[in-house]
Every structure is written in C-alpha cells, then in structure tokens.
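# Structural characterization, general
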Amino acid sequence: MSAAAESTPKPSRRRSGAGAVSRYLDRPYASAQLILLAGGGLLGFGVLMAASTTISASNDQGSTIWTQIVREIEFVIVGVPIFWFAMRAAPRRFRTLAYPAMFIALVSLAAVLVPGIGVGVYGARRWIDIGPLQLQPSEFAKLAILLWAADLLARKQHLKTLTRARHVFIPLLPVFVLVCGMVMLEPDLGTTMCFLLILLGLLWTLGLPMRYFAGVLLSVGGAVTMLAVAEPYRLKRLLTFVHPFQEHRGAGYQTVEGLYALASGGVFGVGLGNGTSKYEWVPNANTDYVFSVIGEELGLLGCVAVLALFALFAYTGMRITRRNADPFVRLAAGGATVWICGQAVINVGYVTALLPVTGIPLPFISAGGTSLLATFLVFGMLVSFARHEPAAVAAAQRAAASGTRSRIERWLRVPVPKAYAAPKRRSKPKPKPAPRPKPRPAPAKRAQPTTRAQPAKRAQPQRAAPVRRLPAAPRSSGTAYRSTGTQRRRA
C-alpha cells in the first residue's frame, strides 16, 4: 500500500451511519414508512398488553377470563377498515367531514348528559350504549374539533386575516370552551386536558407570536388548576403526588403501587404475563397504569422501546407537518401529533410520579374501544398526509405512469395521490362607476307658422342682346351710294 493511500483518512462509522440515515430520510416515502413503523409497533404493544392483562381485567369486571382479549380483538377488527379508509382518503375528504363531525360531536356530548341515554360508571356519565358496545363520545369529539379548527384556521390563513388576534381566537376559543365545559359536566378532567393539548398544538403549528402563546399557556394552566382545586379528591391528588409514600394507603396508593411495579421489573422484566402487580395491586392495570405493567413484565428495555416508538411518532408527525404544502394538512398533523404524544407524556408522567394522577389512557396501548378506534382514525389520517407530501406525490405519479407501483399498493387499492393546488383567491369585485346623469332633453322649439310654399319661379331664357342695326339708307343715285359706302368703311 502506498504512503498516499495510508495517509488518506478513512470515513468513520459515525459519519457513514449519519449519511445512511440522511439518505434514507431523503426518500419520498420515508415519512409514510416511519409513521407506519411507529404506529404499528405501538399497536403491537397494545395487543400484547391486552393479552397479558386479560385475566386480571376479567377478575376486576367479574367476567370470563378471555373477555378482555376478545373485546380488544373485536375493536381491532373494526379499527383496521377505519384505518384503511382513512389512509386512502385525500386531505380534502377530511375537510369536508369537519363541520358534520363537529355537529355530531356536540349532539353526542349533550346526549351523554341525558339520563337514560348516558351510562354512568364510578360517578361519571361518559358512555353511550349502542347494542353490545359502549362508545365514549368525547374521544371522537377530539378528532372532530381538531378537523374543524384546522379547517377554520386554514381558511383564515388563505384570506390573510390572521394578522389580528381577534381573528385567531374568535370563534376558536369560544368553541373550545363550550366543548370543555360539556366534558367537565360528565365530569372528565383528563379528557379536558386533551382538548387543551389540541388547542395548544394548533396554535403552536400556526406560528402564533410568543406573547400570545404564553398568554394562552398561562390561561390553560390556570384553568386546569382551578378545575383541579374545585373538587376535593383532585386537590388531594395535587397535594400528595410530591410525597406519595406519606399517603400510601390513601390518595398516593396508585402512584406508590405503580412505582413498585416498575421497580420490580429490573432491566429485562419478569416475562410477558408473569407480572403479579396487575392482580389487585395496581388499579386499572389495563388502562391508566398499563405502562407500569410494561415495566414489570418487559423491564427497562420494554419501557425504552415504548418511549422510542412514541418519540419516532412525534418526529414523523412534525416531519409531515413541515414537508406538506397544504395549510390544513400542516395544522391537522401538528395538532394530532401534539395530542397523541402529549397524552402519552402525561400518562407516563403520572405513572412515574412526575405528574399528578389525571386518568389519561396511554394511546395505542391502553384498553378502551372508543379510544382505540379514534387512534386508528388519526393513524390512518397521518399516513394519508404522509402520502400527499410533494416528493411522495411526484414519485407515486411517476410509478403510476410507468406501471411500476408496488404490489401492496395495488392489493390495498391505494389511489395515486394528487398534488396540492392552492385555491384561487377571489378578487374583490370592482365598484361599478356611478351612472352619469342623463342629459336633460332640449326644450321643444315653437312650431313656426306654416306658410304656403311659393311655387318655384321658372328660369327665364336668357335673351341675346339685340343687335343694333343701322337704319337703311335711302336709295339714290350711284354717286350717292358710293359715298355712303365710303363713309361706312371709314367708320
């Protein structure tokens, strides 16, 4: 080997790895693949945890041993077609659903509060019975208000009316306050916090100036604090989460048992299905405290895997938000990402005693039929938005023109996406010029007295001037005659 070759620096593995990641992220379908990986992995964890907690959940509910896993499979079977329809839909379809979905959400939230329609559990009226299923309208209301607010702000952004604060907050804030008030009548503070997360996500994606955003954030924090202090049991949770072991048998029981479950798992866990804390130790082990069961049975590695999948979901959602040209898609994707990942942060926060207990489920993983169906719909919507990135649209159209589309796309009958076309801004009609005043009609001339027409005079023929004739000379003798002729010649 020559000295020049030896002196040439070899590329490090770190640089080569970063280059490979950068090349992968430059691919047109990178966003769709990453969001499918993150959502699919989290759904897989959800099915595993449903299978693991099915026995304990059946003991708590007094049902058969396989009730929980059968119910979870039923909702997955219903959720997969919802995901398929949402994935195939174009962004304009979601915009057309915004106002009808918002109307249905308001009606269903009002129906929950009506006795005989709403079902009360543990002192809260949050569900509606529909045959064999119980649906929670507040979960669908999250998606409805997200689509409605994204459509509203996108229209105002197109009209360039968001330069004033009143156009940003009206009617956005009054509608959010109305929906949050209806949810608090159930009551459900955790779901109300999810609505506030959606509002903050929309305003942050919109690029609201920091002074306004800070004001909204302080208002949201103050409202949540007031709602928490209004009820004695919420206030007790706020006061005991800092030192939960002092109230081990009281308000801090859930927090302490969740920490014990996490600690007993170690690095590798005790094995899937082998945990014991879910049997009447950790309350709501299949819903609110499912993360503590993951820590016990799958250990630190399982918790890190779940957090890594949520981090990938957050990164990909923000990537979709940044790379799309449609303002509605940017707002809806940003709000959905903040909603899903913020809800996960709150759940993990109170399970690990970093936040007060609020009862928010862990998205994709916690048991809950309506929450799972809403998550499937949001998941499919984000995949659709990833398919409509400009680079992905160009690549799909080239593949369709050359006949090289993948088999999966053909089998799933995924349509070819179309590029976003900004709507034309309607120009203001020019004001019509004021009509000119009509000229007044001239006054009618007085009628002249009619005179009898004089006949035209006939042209008189011009007579020739009379020729003067000399008087004839009298006849006389010749001499005289000659003298007369001489005189005439002289004349």
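## Overview of the nonpolar core
Across soluble globular proteins, you tend to see nonpolar side chains buried next to one another. Counting 100 residues, the largest nonpolar core has Ile-365 and Phe-385 as the members making the most contacts within it. Considering every element that reaches this core, the biggest residue donor is helix 15 (residues 327–351), with 14 residues.

## Digging into unusual backbone geometry
Following Ile-170, the chain continues to Pro-171 via a peptide bond in cis, the omega torsion being 5 degrees. Residue position: Pro-171 is located in the loop between helix 8 (165–169) and helix 9 (172–184). In this structure, the amide linkage connecting Glu-186 to the following residue, Pro-187, adopts the cis form with an omega of -5 degrees. The phi torsion at Lys-160 lies on the positive side, around 60 degrees, for a residue other than glycine. Summarising the element assignment, Lys-160 is placed in the loop between helix 7 (137–159) and helix 8. Residue classification places Lys-160 among the exposed positions, given a relative accessible area of 59%. With a phi angle near 55 degrees, Arg-413 is a residue other than glycine that sits in the positive phi range. Relative to the assigned elements, Arg-413 resides in the loop between helix 18 (407–411) and helix 19 (478–490).

## Considerations on the sheet that holds strand 3 (residues 133–135)
Pairing within the open sheet is antiparallel, and its three strands lie in the order 1-2-3. Every interior strand has two partners, whereas the edge strands, strand 1 (118–121) and strand 3, have only one. On average, each strand axis in the sheet is tilted by 45 degrees relative to the strand beside it, whichever way the strands run. In terms of strand pairing, strand 2 (residues 124–130) meets strand 3 through three bridges, oriented antiparallel.

## A short note on the pattern of salt bridges
Evaluation of the coordinates by the stated rule reveals seven salt bridges. Between Arg-126 and Asp-188 there is a salt bridge whose closest N-O contact spans 3.9 Å. One end of the pair, Arg-126, is in strand 2; the other, Asp-188, is in the loop between helix 9 and helix 10 (189–206), and 62 residues separate them in sequence. Between Arg-405 and Glu-409 there is a salt bridge, with the nearest N and O atoms lying 3.4 Å from each other. You can call Arg-405 buried: its relative accessible area is 18%. Connected through salt bridges with shared partners, the residues Arg-95, Asp-151 and Arg-155 form a single ionic network.

## Some points on the pairing of strand 2
Summarising the sheet, strand 1 and strand 2 pair through four bridges and their orientation is antiparallel. Across the sheet, the residue bridging to Val-121 is Ala-124, located in strand 2.

## Some thoughts on the packing of aromatic side chains
By the definition in use, this model includes nine aromatic pairs. Between Phe-169 and Tyr-212, the ring centres sit 6.3 Å apart and the planes meet at 75 degrees, which makes this aromatic pair edge-to-face. Of this pair, Phe-169 sits in helix 8 while Tyr-212 sits in helix 11 (residues 210–230), and the two are 43 residues apart along the sequence. Residue classification places Phe-169 among the buried residues on the basis of a relative accessible area of 15%. For Tyr-212, a relative accessible area of 30% corresponds to the partly exposed category.

## A short note on helix 10
Between the first and last C-alpha of helix 10 there are 26 Å, a value that for 18 residues agrees with the 26 Å anticipated at 1.5 Å per step. Counting buried positions over the 18 residues of helix 10 gives 16, a clear majority of the element. Positive backbone phi, at 85 degrees, marks Gly-207, one or two positions downstream of helix 10.

## Looking at the packing of helix 13 (residues 253–265) against helix 14 (residues 290–323)
In the contact formed by helix 13 and helix 14, the axes pass within 7 Å of each other and the chain directions differ by 35 degrees. Along this stretch, helix 13 crosses helix 14, giving a crossing that reads as right-handed. In this structure, helix 13 contributes Gly-258, Ala-261, Leu-262, Ser-264 and Gly-265 to the contact, and helix 14 contributes Phe-291, Ser-292, Gly-295, Glu-296, Gly-299 and Cys-303. The residue makeup of the contact of helix 13 with helix 14, split by class, is four nonpolar, six polar and one charged.

## A short note on a nonpolar patch on the surface
Among the surface-exposed residues, Val-267, Phe-268, Leu-300, Leu-301 and Val-304 lie close enough to one another that they form a single nonpolar patch of about 500 Å² accessible area. Take Phe-268: it is sitting in the loop between helix 13 and helix 14. On the basis of relative accessible area, Phe-268 is assigned to the exposed category, the value being 65%.

## Considering the environment of Phe-364
Considering the arrangement of structural elements, one finds Phe-364 in the loop between helix 15 and helix 16 (369–387). In this structure Phe-364 comes out as buried when scored by relative accessible area, which is 4%. On a C-alpha basis, the gap between Phe-364 and Gly-40 in space is 9.1 Å, while along the polypeptide they are 324 residues apart. If sequence neighbours within four positions are ignored, Phe-364 has contacts with Gly-39, Leu-42, Leu-43, Gly-46, Phe-310, Phe-313, Ile-340, Leu-372, Thr-375 and Phe-379.

## Comments concerning the packing of helix 7 against helix 10
Taken N-terminus to C-terminus, the directions of helix 7 and helix 10 make an angle of 20 degrees; their axes are 10 Å apart at the nearest point. By the angle class used here, helix 7 and helix 10 are roughly parallel. In terms of crossing hand, the pair formed by helix 7 and helix 10 is right-handed. Contacts between helix 7 and helix 10 involve Ser-138, Ala-141, Lys-142, Ile-145, Leu-146, Ala-149, Ala-150, Leu-153 and Gln-157 from the former and Thr-191, Cys-194, Phe-195, Ile-198, Leu-202 and Leu-206 from the latter. Its residues assigned to classes, the contact of helix 7 with helix 10 shows 11 nonpolar, three polar and one charged.

Conventions and cut-offs
Residues numbered from 1 in each chain as written. Predicted model: local features only at pLDDT ≥ 70, side-chain atom pairs only at ≥ 80, totals over all residues. Heavy atoms only, no water. Core = buried A, V, L, I, M, F, W, Y, C linked by side-chain atoms within 4.5 Å. Buried < 20%, exposed > 50% of the residue type's maximum accessible area, 1.4 Å probe, protein only. Helix = DSSP H or I, 4+ residues; strand = E, 2+ residues; numbered from the N terminus. Pairing = 2+ DSSP bridges. Axes fitted to C-alpha atoms, helices over the stretch in contact; angles between N-to-C directions. Salt bridge = Lys/Arg side-chain N within 4 Å of Asp/Glu carboxyl O. Phe/Tyr/Trp six-rings, centres within 6.5 Å; stacked < 30°, edge-to-face > 60°. Expected span 1.5 Å × (residues − 1). Left-handed = near helix turned anticlockwise from the far one by under 90°. Contact = heavy atoms within 4.5 Å. Nonpolar A, V, L, I, M, F, W, Y, C, P; charged D, E, K, R; others polar. Patch = residues over 30% accessible without salt bridge, like charges linked within 9 Å, V, L, I, M, F, W, Y side chains within 5 Å. Areas by Shrake-Rupley, 256 points an atom, 1.4 Å probe, with all protein chains shown as cover. Parallel < 35°, antiparallel > 145°, perpendicular 65-115°, else oblique.

These results come straight from atomic positions and should not be treated as a statement about function.
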